[in-house]
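Breakdown of the fold
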Amino acid sequence: MVRRIYKEYPEGSGRESIARRLYNEGVKTPADVAGKKNASNKWNDSTIKLILTNPHYVGDLVQGRTTTVSVTSKKRKNQDKDDMYIIENTHEPIISRDMFEAVQNLMKQRKKFITAPKLHLFTNILSCADCGKGMWYRSNRPSGYICCNYARHGKKACSAHTIKEEHLKETILYDIRKLVQEIDKEQYLKELEAKSKKSKKDIQQKMDKFNKQIEMLKTRKKKFINMLADEKITHDEYLEMVEDNNQELAQLSEKKNEMLSILESETVMDNIDKLKQELLQFLDFDELTQNFSSPD
């Protein structure tokens, strides 16, 4: 399999093409052969890349190809070649050194011509109904999406499930317009206003309660001083009582500050006119865009 992969790649096959053929032929993956837990039966581009860049196949012993991110993490990262330990010609090679170097150079050349995929309207949103994987945009389909499982591995993994982007737009716009017609905009705003009032009222009641408790604790501290002056308590007892009182006072002050922060964030009532305009603008549209779900 290693010799085959090294033969097919220079002949013009891409890593994904090689992976797709091996999967469709039923060839076991390295993880499957090794008996790893939850090993997949699907070959991937990353697996082919690891094989094409592994110096073990030319007879070299390589250690330290990866290292842990930190002593407290099990995650690993790839090492630079200068940080690896390489001992050449320690075992019989599977691939000649000339072929290995030729493949490395070819991979560098092909990398220059790879362009980043463009983001489309439903990128990272659509999922295949059968396998659950994401749908990829393909301009040659025409202007449509296909199942990424099918794109990577072929018919054995899933069906194409091709769907045009324009058809999706029309369907979603129709559904949203139908929903908008059923929305009572004024009633929605009234309910929102009522909820905002209730929320503010509840917060204010809690604030009043905290303020009373804080004043009570401050008054209690004065009583401790009088009790100490009248020698009703010892100095050590006084210090202990004051410390407990201060801790309780600090906790209440922290809760009060939390309520103040929440109260400041409750700006629905103050900006209700602005909210009305935003809602009406949001509900009045005739086109889907990538910013449709988050109007400014």
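All figures in this text were calculated on a predicted structure; none of them were measured in a lab.

Digging into the overall build of the protein chain
- A count of helical and extended segments in the protein chain gives 10 helices and 7 strands.
- For the protein chain, the residues scored as buried account for 26% of the 296 residues in total.
- For the protein chain, the share of sequence-separated contacts (at least 6 apart) that also reach a separation of at least 24 residues comes to 57%.

Thoughts on a negative patch on the surface
- Together, Asp236, Glu237, Glu240, Glu243 and Asp244 make up a region of like negative charge exposed at the surface.
- Its location among the elements puts Asp244 in helix 9 (residues 235-265).
- Among the residues examined, Asp244 registers a relative accessible area of 44% and is labelled partly exposed.

Regarding the pattern of salt bridges
- If you walk through the whole model with that rule in mind, you get 9 salt bridges.
- One salt bridge connects Arg4 with Glu8, and the closest N-O pair in it is separated by 2.8 Å. Here Glu8 and Arg4 lie together in helix 1 (residues 2-8), a separation of 4 residues that amounts to about one turn.
- For Asp60, the salt bridge goes to Arg97, with nearest N and O atoms at 2.9 Å.

Observations regarding helix 4 (residues 45-52)
- Here helix 4 has its buried residues at Thr47, Ile48, Ile51 and Leu52. Across the axial projection of helix 4, the buried residues extend over an arc of 135°, all falling on one side.
- Structurally, helix 4 contributes buried residues whose contacts are with helix 1, helix 2 (15-24), helix 3 (30-33) and helix 5 (97-112).

Describing the nonpolar core
- Membership of the largest hydrophobic core comes to 20 residues, with the highest contact counts inside it found for Ile5, Tyr6, Trp43, Ile48 and Leu52.
- Breaking this core down by element, the ones donating at least two residues are helix 1, helix 2, helix 4 and helix 5.
- With sequence-adjacent residues up to four places away left out, Ile48 is seen in contact with Ile5, Arg15, Ile18, Ala19, Leu22 and Trp43.
- Listed in part, the 14 residues of the second largest apolar core include Leu121, Met135, Tyr145 and Leu168.

Considering the pairing of strand 6 (residues 144-147)
- Taken together, the 4 bridges between strand 5 (residues 135-138) and strand 6 define a ladder with antiparallel strand orientation. Residue pairing for strand 6: Arg138 is matched across the bridge by Gly144.
- Alignment of strand 6 against strand 7 (residues 163-164), held across 2 bridges, turns out to be antiparallel. Following the sheet pairing, Tyr145 is matched in strand 7 by Ile163.

Brief notes about the confidence of the model for the protein chain
- When the pLDDT values of the protein chain are averaged, the result is 82; 82% of them are 70 or greater.
- For the protein chain, per-element mean pLDDT is lowest for helix 10 (residues 272-283), which scores 60, and highest for helix 1, which scores 95.
- Counted against residues more than four places away or in other chains, residues 292-296, with its pLDDT under 50, gives 5 contacts.

Some details on the sheet that holds strand 7
- A sheet is described by the order of its strands in space; here 3 strands give the open sequence 5-6-7, paired in antiparallel fashion. Where the open sheet ends on each side, the last strands, each with one partner, are strand 5 and strand 7.

Considering helix 5
- Compared with the 22 Å implied by 1.5 Å per residue over 16 residues, the 23 Å span of helix 5 between its first and last C-alpha is a close match.
- Among all positions in helix 5, only Phe100, Val103, Gln104, Leu106 and Met107 are buried. Projection of helix 5 onto a plane perpendicular to its axis shows the buried side chains occupying an angular sector of 165°, all on one side. With respect to the buried face of helix 5, the exposed residues turned more than 90 degrees away are Asp98, Lys108 and Lys112.
- Looking at the buried positions of helix 5, the neighbouring elements they touch are helix 1, helix 2 and helix 4.

Things to note about the packing of helix 2 against helix 4
- At a minimum axis distance of 8 Å, the contact between helix 2 and helix 4 shows a crossing angle of 110°. What the angle tells us is that helix 2 and helix 4 run roughly perpendicular. Contacts between helix 2 and helix 4 involve Arg15, Glu16, Ile18, Ala19 and Leu22 from the first element and Asp45, Ile48, Lys49 and Leu52 from the second.
- Considering only residue class, the contact of helix 2 with helix 4 consists of 5 nonpolar, no polar and 4 charged.

Considerations on the side chain of Asn245
- Inspection of the secondary structure puts Asn245 in helix 9.
- Leave out the neighbours within four places in its chain, and Asn245 touches Leu217, Arg220, Lys221 and Phe224.

Comments concerning the packing of aromatic side chains
- The final tally for this structure, using the stated rule, is 4 aromatic pairs.
- Each ring, one from Phe122 and one from Tyr145, has its centre 6.0 Å from the other, and the planes form 75°; the classification is edge-to-face. Here Tyr145 lies in strand 6 and Phe122 lies in the loop between helix 5 and strand 5, a separation of 23 residues in the sequence.
- Under the relative-accessibility criterion, Phe122 is labelled buried at 6%.
- Each residue in the set Tyr6, Tyr57 and Phe100 is aromatic and connected to the rest through ring pairs, giving one cluster.
- Here Arg110 stacks its cationic end above the ring of Tyr9, 4.1 Å away from the centre of that ring.
- The lysine or arginine in question, Lys156, covers the ring of Tyr23, its NZ or CZ lying 4.7 Å from the ring centre.

Rules used in this analysis
- Residues numbered from 1 in each chain as written.
- Predicted model: local features only at pLDDT ≥ 70, side-chain atom pairs only at ≥ 80, totals over all residues.
- Heavy atoms only, no water.
- Helix = DSSP H or I, 4+ residues; strand = E, 2+ residues; numbered from the N terminus.
- Buried < 20%, exposed > 50% of the residue type's maximum accessible area, 1.4 Å probe, protein only.
- Contact = heavy atoms within 4.5 Å.
- Patch = residues over 30% accessible without salt bridge, like charges linked within 9 Å, V, L, I, M, F, W, Y side chains within 5 Å.
- Areas by Shrake-Rupley, 256 points an atom, 1.4 Å probe, with all protein chains shown as cover.
- Salt bridge = Lys/Arg side-chain N within 4 Å of Asp/Glu carboxyl O.
- Lys, Arg positive; Asp, Glu negative; His and termini not counted.
- Charge placed at Lys NZ, Arg CZ, Asp CG, Glu CD.
- Arc of directions from axis to C-beta.
- Core = buried A, V, L, I, M, F, W, Y, C linked by side-chain atoms within 4.5 Å.
- Pairing = 2+ DSSP bridges.
- pLDDT = per-residue confidence, 0-100.
- Expected span 1.5 Å × (residues − 1).
- Axes fitted to C-alpha atoms, helices over the stretch in contact; angles between N-to-C directions.
- Parallel < 35°, antiparallel > 145°, perpendicular 65-115°, else oblique.
- Nonpolar A, V, L, I, M, F, W, Y, C, P; charged D, E, K, R; others polar.
- Phe/Tyr/Trp six-rings, centres within 6.5 Å; stacked < 30°, edge-to-face > 60°.
- Lys NZ or Arg CZ within 6 Å of the ring centre and 35° of its normal.

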